[in-house]
Amino acid sequence: MMKTIRLTTAQALIKFINQQYIHFDGEEFPFVEGIFNVFGHGNVLGIGQALEQDSGHLKVIQGKNEQGMAHAAIAYSKQMLRQKIYAVTTSVGPGSANLAAAAGTALANNIPVLFIPGDTFATRQPDPVLQQVEHEHSLAVTTNDALKPVSRYWDRITRPEQLMSSLIRAFEVLTDPAKAGPATICISQDVEGEAFDFDEKFFEKRVHYLDRKIPLERELNGAAALIKESKKPVILVGGGAKYSRARDILMKLSEKHNIPLVETQAGKATVECTFKNNLGGLGITGTLAANKAARQADLIIGIGTRYTDFATSSKTAFDFDTTKFLNINVSRMQAYKLDAFQVVADAKTTLEKLAPMLEGYTTEFGHTITELKDEWLAERDRLSKIQFTRENFDPEIKNHFSQEVLNEYAEALNTEFAQTAALITVNDTIDPDSTIICSAGSLPGDLQRLWNPTVPDTYHLEYGYSCMGYEVSGALGIKLANPDKEVYSIVGDGSFLMLHSELITSIQYNQKINVVLFDNSGFGCINNLQMDHGSGSYFCEFRTHDNQILNIDYAKVAEGYGAKTYRANNAEELKAALEDAKKQDVSTLIEIKVLPKTMTDGYDSWWNVGVAEVSNKESIQKAYQFRQQKLEQAKQY
Ligand SMILES: Cc1ncc(C[n+]2csc(CCOP(=O)(O)OP(=O)(O)O)c2C)c(N)n1
Ligand SMILES: O=C1C[C@@H](O)[C@H](O)[C@@H](O)C1=O
Ligand SMILES: [Mg+2]
């Protein structure tokens, strides 16, 4: 006879989550590490009660903002290479609406995370409850419907027994590398507390196998033939290569056959920068070395990449008349891109199986790879030494601000520090096994070009959604994933202002993070974007009503939270601050005032952005014409 156990829906949820395990490369471990919460009336009496009664092995952490704590959960999962996750529970209405940007972040980056927002009453007896939106056309639509387009899996639970099939579906999605993304299970707030006699079998230990998908013989033969036919193949290392742990085989193949490696933001630091054939980032935020290699390529071997516009320079990075594509990806959808020959399989396994099939093959790159790399390293060295001068200063981003305006910034922010010099100082000073995190603004470009990670998996860029606010929140997730290492949030002033609530959570739970704040008093990269396309400087600088540059004391803000803080406006101060920050047990914030327009510019790349077709400015008309010319060279799809 079936044995049952009487539990509330929320108690059953927590009991089930505790029993989910992952099996990967012979190792088995619990899949859900913990749960972040912001309680409200939509979850405190259901999920809150269940956790208070028995949270099992779950670590329970109180977040400060739903988006922030969800970003922390996403960063944890990404840093754990998608093999362990945190769940996130929110209240109803605004609490769940705050999840939307984070859900988009998880979806665009293919990161598994479990979202459990509360939902409106299933009985509808007290409707409309506080925070319930009302539609005239339907009572069935709630705020949580807004999460559907940003969830890989979405469900609403209005009866306790629905939970069983819903959770099984959710965990199947969460543990499938080809589909990984956010699973959102919305539970009616009354149903969270309703009891049901659950089949005990539902709570038995479940093991989810992260098996490596083996390539077919047809796929391997086709891939090997393409590589052997090519004279100048280039390997594009995407996030999938990192998740598959393909570092060693990538280096082996690259070295043996003299194939250059170029990287996407998600793939960077799969292989350390010191590897001789690693030419760094490709595309809009790429290095000149990688972009030059890509132009010469007759075959791009895209490994675990989504081919976003940033990686492909809006489909202009390659000579599409002559270049072929070979895509190795666990996702069929991704493998189909750019009319590629498709290998729908695990990256590491595929490369290992290809290795013996390429015996005797060498590319025609010869010494070019080393020459390109040396040329780029010289450029990086130049960028590390940029010195501001009050006269005739020629910034990297040219012809936007006059010397007068640059001097005004130097005066107002009391700094002469260039962003490139500051960033390379950070790179040179922190311990090499520390992880850095970033996501939005001008810093992702500088990082992809200039950051030299000498230890694999120490570079964490969310550049699928580029969501401002991920930088500080995500640092907390990385600390939870790597408790014994330092983590540095590399963040612009705009992103910091948008969301940094989980800095407080890090202090509250003694999870030390370091915030390195680059303050150029504005939305710098967007200001560059508008001025590059013929517009004026319009609402992207942080200026007061009477046109004064905002000068915010961020160190003081963080000091108020209990962080150890520093102000560093030159290399010496910055080195000293970084060294002292290493010694602290509490979270730190280093405020660096940097000059606008001193970030890196593009290197032989182009970004397709919408430009006004008609306008009253000649400069915008020119920008529009330039775009039309570029589009003629771009692949159409
Ligand atoms: C949530 C969100 N809103 C808006 C944007 C668009 N956006 C991208 S970068 C940026 C400005 C970033 O400013 P800051 O963090 O100071 O970096 P900077 O470019 O100055 O280095 C904006 C508004 C975004 N990426 N994410
Ligand atoms: O619009 C954007 C421009 C990019 O330069 C920036 O890094 C990104 O955050 C963004 O949203
Ligand atoms: Mg800024």
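Please read all numbers here as calculations on a predicted model, not as lab measurements. (Residues numbered from 1 in each chain as written. Chains lettered and ligands numbered in written order. Predicted model: local features only at pLDDT ≥ 70, side-chain atom pairs only at ≥ 80, totals over all residues. Heavy atoms only, no water.)

### As for the confidence of the model for the protein
The predicted coordinates ought not to be read in detail in places where the model reports low pLDDT.
Step number 1: This prediction gives the protein a mean pLDDT of 98; 100% of its residues lie at or above 70.
Step number 2: Overall fold confidence for the complex sits at a pTM of 0.98, while the interface term, ipTM, reaches 0.99. (pLDDT = per-residue confidence, 0-100.)

### Section: the pattern of salt bridges
If charged atoms from side chains of opposite charge come close, those side chains can pair.
Step number 1: Counting across every chain of the model gives 35 salt bridges.
Step number 2: Residue glutamate 172 pairs with lysine 179 through a salt bridge whose shortest N-O separation is 2.8 Å.
Step number 3: According to the relative accessible area criterion, lysine 179 is partly exposed, its value standing at 31%.
Step number 4: Lysine 385 is paired through a salt bridge with aspartate 381; the nearest N and O atoms lie 2.8 Å apart.
Step number 5: Within the structure, one salt-bridge network assembled from shared partners comprises Asp119, Asp145, Lys148 and Arg156. (Salt bridge = Lys/Arg side-chain N within 4 Å of Asp/Glu carboxyl O. Buried < 20%, exposed > 50% of the residue type's maximum accessible area, 1.4 Å probe, protein only.)

### Describing helix H8 (residues 217–229)
Step number 1: For H8, built from 13 residues, the straight-helix expectation of 18 Å at 1.5 Å per residue is met to within 8% by its first-to-last C-alpha distance of 18 Å.
Step number 2: Along H8, the residues classified as buried are Glu219, Leu220, Gly222, Ala223, Ala224, Leu226 and Ile227. (Helix = DSSP H or I, 4+ residues; strand = E, 2+ residues; numbered from the N terminus. Expected span 1.5 Å × (residues − 1).)

### Looking at the UniProt feature "binding site: Mg(2+)" (unreviewed entry) in the protein
Step number 1: The positions UniProt marks with the feature "binding site: Mg(2+)" (unreviewed entry) are Asp493 and Asn520. In terms of the greatest pairwise C-alpha distance, the residues named above, spread along 28 residues, form a tight cluster of at most 6.9 Å across.
Step number 2: Assignment of secondary structure puts aspartate 493 in helix H20 (residues 493–498).
Step number 3: Given the relative accessible area of 1%, aspartate 493 is considered buried.
Step number 4: With sequence-adjacent residues up to four places away left out, aspartate 493 is seen in contact with Leu517, Phe518, Asp519, Asn520, Ser521, Gly522, Phe542 and Tyr554.
Step number 5: Beyond its immediate sequence surroundings of up to four residues, asparagine 520 is in contact with Tyr409, Leu413, Gln419, Asp493, Val594, Pro596 and Met599. (UniProt positions renumbered as here; feature names shortened; annotations may be inferred. Contact = heavy atoms within 4.5 Å.)

### Points about the pairing of strand S16 (residues 324–328)
Two faces make up the sheet, and in a regular strand the side chains alternate between them.
Step number 1: Judged by how many residues are buried, S16 sits mostly within the fold: 4 of 5 residues are covered.
Step number 2: Where strand S15 (residues 299–303) meets S16, 5 bridges bridge the pair, whose relative direction is parallel. Residue pairing in the sheet places glycine 302 in a bridge with asparagine 327 of S16.
Step number 3: Pairing of S16 with strand S17 (residues 341–343) involves 3 bridges; the strand directions are parallel. Bridge pairing links asparagine 327 to glutamine 342 in S17. (Pairing = 2+ DSSP bridges.)

### Here we look at the site of ligand 2
Step number 1: Looking at ligand 2, the residues that line it are Ala440, Gly441, Tyr463, Ser466, Cys525, Ile526 and Trp607.
Step number 2: Backbone polar atom of glycine 441 to an oxygen atom of ligand 2: 2.6 Å apart, as the coordinates give it.
Step number 3: Residue tyrosine 463 places a side-chain N or O atom 2.6 Å away from an oxygen atom belonging to ligand 2.
Step number 4: In isolation ligand 2 offers 290 Å² of accessible surface; the protein chains occlude 71% of this area.
Step number 5: Classifying every residue of the shell around ligand 2 by side-chain character gives 5 nonpolar, 2 polar and no charged. (Near = heavy atom within 4 Å. Polar contact = N/O pair within 3.5 Å; in protein donor to acceptor, adjacent residues only side chain to side chain. Areas by Shrake-Rupley, 256 points an atom, 1.4 Å probe, with all protein chains shown as cover. Nonpolar A, V, L, I, M, F, W, Y, C, P; charged D, E, K, R; others polar.)

### Digging into the site of ligand 1
Step number 1: Inspection of the region around ligand 1 gives 15 residues, with Ser442, Ser466, Asp493, Gly494 and Gly524 positioned closest.
Step number 2: Within the backbone of serine 495, one N or O atom sits 2.9 Å away from an oxygen atom of ligand 1.
Step number 3: A distance of 2.7 Å separates an oxygen atom of ligand 1 from a polar atom in the backbone of glycine 524.
Step number 4: For ligand 1, whose accessible area on its own is 580 Å², the fraction buried by protein is 78%.
Step number 5: Elements that contribute at least two residues to the shell around ligand 1 include exactly H20 and helix H22 (524–532).
Step number 6: Of the residues forming the shell around ligand 1, the biggest block, 4 residues, is contributed by H20.
Step number 7: Its residues placed into classes, the shell around ligand 1 shows 5 nonpolar, 9 polar and 1 charged.

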